[in-house]
Amino acid sequence: MLNLGRARIQGRQNRSMSFEGLDYADQKKNNDYTGKIVLVISLTAMCILVLKQSPTFDTPSVFSQHEPGVTHVLVTGGAGYIGSHTALRLLRDSYRVTIVDNLSRGNLGAVKILQQLFPEPGRLQYYHNITSNTLVVLETMAAHGVKTLIYSSTCATYGEPEKMPITEETPQVPINPYGKAKKMAEDIILDFSKKSNMAVMILRLVVESLLCVCVYFNVIGSDPEGRLGEAPRPELREHGRISGACFDAARGIIPGLQIKGTDYKTLDGTCVRDYIDVTDLVDAHVKALEKAKPSRVGIFNVGTGKGSSVKEFVEACKKATGVDIKVDYLERRAGDYAEVYSNPRKIKEELNWTAKHTNLKESLETAWRWQKLHRNGYESSSFSSTSLFSAY
């Protein structure tokens, strides 16, 4: 062993005393060391107890989920010059990559380029954005005494059930990362609720991000009085909702629609979904909030109870906009469900909720009116921030 410290010129005043070949330190110093050791052991034990009481102690990490033949690599500083190049090589070699970077020197643009080049691994973001962030919200709620949670989940947690419509008792067997991440988040919420008196309402919406038309969601419509509409930021348009994609195609912003999959076991071969108007969706959440009770967990499917195919949706959009939208039909994508719609009986009986806006064409016409008046989104709105907030 090398001693790299300064050499002592003089010995210590209090040296250990030798007796029959054994060294005994001074009693005062020995007591100091003993006290420090006891303190460290006590603090460690306290930390272990706190961790065990955490609702996430037994929750498996995303990184503990393994796929045969796939190695998951965590790249710290992955938005930096060297880190981003490292991530690029790993992705090219079929590794699964998660990047952690505080952006003190890294560049988010590098990460976006990687996501564009390798979109499939990006699905792992669901576990961070949904599962991990749900946990953060729960812990923050507990820390600040917030007692009610209305959680928007998804029917994607059911996977591809053997029979339709889906009920709340349908087994949850998700088949894609989005459904798996939501299912994990639900499990965390349920575990959390067992140790608290929190009022919890879980609404499973027939709303998912892995649909048959690229990656569009299937919430439709807008404010019936024309005050609000859908205006995603430009970089998020390609990840928007199916109605937004139809409107972009009708306005010439994109050349047309791409429908992925025409060989599903449905009437016309395209996916069947339960399209729900945003006004009805919001109403379901408000009713859940009004009915939430301490120490109670309510789980409800939210939908109209009937499904429409993607082809039927596109035809309704053509009629609503008056534009013959160009449609390209592509191969189906893994992880998409053939048919998903729910039975809303339970939410009707217990929360007195029923979807009112169930005509596809009418909901799309309402949204299209807003789109035509706000071609640049909210930038072209006649409302000022002052007038908007003066009503509150």
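How each quantity is defined
- Residues numbered from 1 in each chain as written.
- Predicted model: local features only at pLDDT ≥ 70, side-chain atom pairs only at ≥ 80, totals over all residues.
- Heavy atoms only, no water.
- Helix = DSSP H or I, 4+ residues; strand = E, 2+ residues; numbered from the N terminus.
- Expected span 1.5 Å × (residues − 1).
- Buried < 20%, exposed > 50% of the residue type's maximum accessible area, 1.4 Å probe, protein only.
- Arc of directions from axis to C-beta.
- Contact = heavy atoms within 4.5 Å.
- Polar contact = N/O pair within 3.5 Å; in protein donor to acceptor, adjacent residues only side chain to side chain.
- Patch = residues over 30% accessible without salt bridge, like charges linked within 9 Å, V, L, I, M, F, W, Y side chains within 5 Å.
- Areas by Shrake-Rupley, 256 points an atom, 1.4 Å probe, with all protein chains shown as cover.
- Salt bridge = Lys/Arg side-chain N within 4 Å of Asp/Glu carboxyl O.
- Core = buried A, V, L, I, M, F, W, Y, C linked by side-chain atoms within 4.5 Å.
- UniProt positions renumbered as here; feature names shortened; annotations may be inferred.

**Quick look at helix α7 (residues 278-291)**
No. 1: Spanning 14 residues, α7 covers 20 Å between terminal C-alpha atoms, matching the ideal 20 Å at 1.5 Å per step.
No. 2: For α7, the full list of buried residues reads Asp 280, Leu 281, Ala 284, His 285, Lys 287 and Ala 288. End-on, the buried residues of α7 take up no more than an arc of 165°, which puts them together on one face. Of the residues in α7, the exposed ones pointing more than 90 degrees away from the buried face are Leu 289 and Glu 290.
No. 3: Close packing links the buried residues of α7 with β5 (148-154), β6 (199-205), β7 (219-220), β10 (276-277), β11 (297-302) and α9 (345-351).
No. 4: Two to three positions downstream of the cap, the backbone nitrogen of Thr 279 sits 2.9 Å from a side-chain oxygen, assigning the N-cap of α7 to Asp 277.

**Considering a nonpolar patch on the surface**
No. 1: Residues Leu 88, Ile 113 and Leu 117 make up a contiguous nonpolar surface patch of about 260 Å² in total accessible area.
No. 2: Tracing the chain through its elements places Ile 113 in helix α3 (residues 108-117).

**Details of the nonpolar core**
No. 1: If you look at the biggest cluster of nonpolar residues, it comprises 26 residues, and the most contacted ones within it are Ile 130, Leu 138, Leu 149, Tyr 151, Ile 189 and Met 198.
No. 2: Sorting the residues of this core by element identifies α4 (125-143), β5, α5 (177-194) and β6 as the ones contributing at least two each.
No. 3: In terms of residue count, α5 provides more of this core than any other element does, seven residues in total.
No. 4: Excluding its chain neighbours within four sequence positions, the residues that come into contact with Met 198 are Leu 138, Met 141, Val 146, Lys 147, Thr 148, Leu 149, Phe 192, Pro 294, Ser 295 and Arg 296.
No. 5: If you look at the next biggest cluster of nonpolar residues, it comprises 25 residues, including Cys 246, Val 310, Ile 325 and Ala 367.

**Details of the UniProt feature "domain: NAD-dependent epimerase/dehydratase" (unreviewed entry) in the protein**
No. 1: Within the UniProt annotation, "domain: NAD-dependent epimerase/dehydratase" (unreviewed entry) is assigned to residues 73-106 and 125-303.
No. 2: The distance separating the terminal C-alpha atoms of residues 73-106 is 18 Å; by composition the span is 35% helix and 26% strand.

**Regarding the pattern of salt bridges**
No. 1: Taken as a whole and judged by the stated rule, the model has 14 salt bridges.
No. 2: Close ionic contact of Arg 204 with Glu 186 constitutes a salt bridge, the shortest N to O distance being 2.7 Å. Residue Arg 204 is located in strand β6, and its partner Glu 186 is located in helix α5; the two are separated by 18 residues in the primary sequence. A single burial state applies to Arg 204 and to Glu 186, both of which are buried.
No. 3: The shortest N-O distance in the salt bridge between Asp 283 and Lys 287 comes to 3.3 Å. Of this pair, Asp 283 and Lys 287 both sit in helix α7, separated by four residues, roughly a single helical turn.
No. 4: Relative accessible area serves as the criterion here: at 23%, Asp 283 is assigned to the partly exposed category.
No. 5: Look at Lys 287 and you get buried, because its relative accessible area is 17%.
No. 6: A network of salt bridges, in which partner residues are shared, links Arg 89, Arg 92 and Asp 93.

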